[in-house]
Amino acid sequence: MDGNGRWAKQKGGLRIFGHQNAITAVRETVESAAELGVKFLTLYAFSTENWNRPKHEVMALMQLLVHTIRQETPTLLKNNIRLQAIGQIDSLPASCQQELAEAIALTKAGAGMTLVLALSYSGRWDLTQAAQRMATDIAAGKLRPEAVNEQTIEQYLATAGMPDPELLIRTSGEQRISNFLLWQLAYTELYITDLLWPDFRREHFYDAIQAYQRRERRFGKTSEQLTVS
Ligand code: IPE
Ligand code: MG
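Values in this document were obtained by computation on a predicted structure and should not be read as measured data.

Novice: Can you explain a nonpolar patch on the surface? Please cite residues and give values.
Specialist: A contiguous nonpolar surface patch, about 280 Å² in accessible area, is contributed by L127, I177, L182 and L190. Within the secondary structure, L182 sits in the loop between β4 (167–170) and β5 (189–192).

Novice: Please set out the sheet that holds strand β3 (residues 113–121) residue by residue, giving values where relevant.
Specialist: Reading across the sheet, the three strands line up as β1-β3-β2 and stay open at both edges, with parallel pairing between neighbours. Here the strands that pair on one side only, and so sit at the sheet edges, are β1 (40–47) and β2 (81–86). Neighbouring strand axes in the sheet, compared pairwise and without regard to direction, differ in orientation by 20° on average. Relative to β3, β2 runs parallel, the two being bridged by six bridges.

Novice: Please give an account of the environment of I209 that cites residues and values.
Specialist: Topologically, I209 is positioned in helix α8 (residues 202–213). Remark: the alpha-carbon pair of I209 and I169, spanning 40 residues in sequence, is separated by 9.4 Å. Discounting residues that sit within four places of it in the chain, I209 has contacts with L36 and L167.

Novice: Provide a residue-level description of the UniProt feature "binding site: Mg(2+)" (unreviewed entry) in the protein, including the pertinent values.
Specialist: As annotated by UniProt and renumbered to match this structure, "binding site: Mg(2+)" (unreviewed entry) occupies D2 and E189. On the secondary structure map, D2 appears in the segment before α1 (4–10). Dropping the residues within four chain positions of it, D2 is found in contact with R170, T171, S172, E174, L196 and W197. In terms of polar contacts, D2 uses its side chain to reach the side chain of R6, at 3.3 Å. Here E189 is to be found in strand β5. What makes E189 buried here is its relative accessible area of 15%.

Novice: Tell me what's going on with the packing of aromatic side chains, and back it up with residues and numbers.
Specialist: Using the criterion set out here, one finds eight aromatic pairs in the structure. When the ring of Y121 is compared with that of F180, the centres are 6.3 Å apart and the planes differ by 85°; the resulting orientation is edge-to-face. A residue pair is termed long-range when its members are at least 10 positions apart, and Y121 in strand β3 and F180 in the loop between β4 and β5 qualify at 59 residues. The class of Y121 is buried, set by a relative accessible area of 0%. Cluster of aromatic residues (ring-pair linked, three or more members): Y44, Y121, W125 and F180.

Scoring rules and cut-offs
- Residues numbered from 1 in each chain as written.
- Chains lettered and ligands numbered in written order.
- Predicted model: local features only at pLDDT ≥ 70, side-chain atom pairs only at ≥ 80, totals over all residues.
- Heavy atoms only, no water.
- Patch = residues over 30% accessible without salt bridge, like charges linked within 9 Å, V, L, I, M, F, W, Y side chains within 5 Å.
- Areas by Shrake-Rupley, 256 points an atom, 1.4 Å probe, with all protein chains shown as cover.
- Salt bridge = Lys/Arg side-chain N within 4 Å of Asp/Glu carboxyl O.
- Helix = DSSP H or I, 4+ residues; strand = E, 2+ residues; numbered from the N terminus.
- Pairing = 2+ DSSP bridges.
- Axes fitted to C-alpha atoms, helices over the stretch in contact; angles between N-to-C directions.
- Contact = heavy atoms within 4.5 Å.
- UniProt positions renumbered as here; feature names shortened; annotations may be inferred.
- Polar contact = N/O pair within 3.5 Å; in protein donor to acceptor, adjacent residues only side chain to side chain.
- Buried < 20%, exposed > 50% of the residue type's maximum accessible area, 1.4 Å probe, protein only.
- Phe/Tyr/Trp six-rings, centres within 6.5 Å; stacked < 30°, edge-to-face > 60°.

Next up, the structure:
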């Protein structure tokens, strides 16, 4: 979800004005994904590197997070959506952790869609924490080094139990991954739009889905192999 700051600047406002105006985009995207039958939607809300922003912006983002989770939980319940979080959750302010834990507990029966918030998340952090936990289990004799394969690594990632993303949507025209789900994005289709995140609406989400439907996912195979059953 990129482009909040630029959106605010275009309107002559402060960066936080852009963040405040991003909530409608979040709501419309979550609702339309759930309606279309998407099973997992992950929102990259705050990266490990975002901690390096000016302190007042970080604080405003955290307050907005608490406020939004509280405000949107009834809508999640109504739409049968389960909330989850990935990232260094223990680095968030206590109020955020508490709000998040409550919303996760309240929505845990939501079987329609899983909404994953990536908070204080980065792909390198994820791979590092997975390596650390794997090494701990190896040292404790719970895991054999020869037994480590791709599935093992997946089980130690923060996304354990979640499928790899089929589609990545990035707003604001930037053509980079920015330390998102590095391992998990191996074969994900990338969709980049110049729209700034606060302007992103339901119809733009549909555009992305339609573009995805026109892609041919070969996973290293040839086009001919895909049509022969
Ligand atoms: C995305 O918008 C929101 C967060 C990273 C929290 P930005 O704040 O990155 O907006 P730009 O990139 O400055 O326009
Ligand atoms: Mg940005």
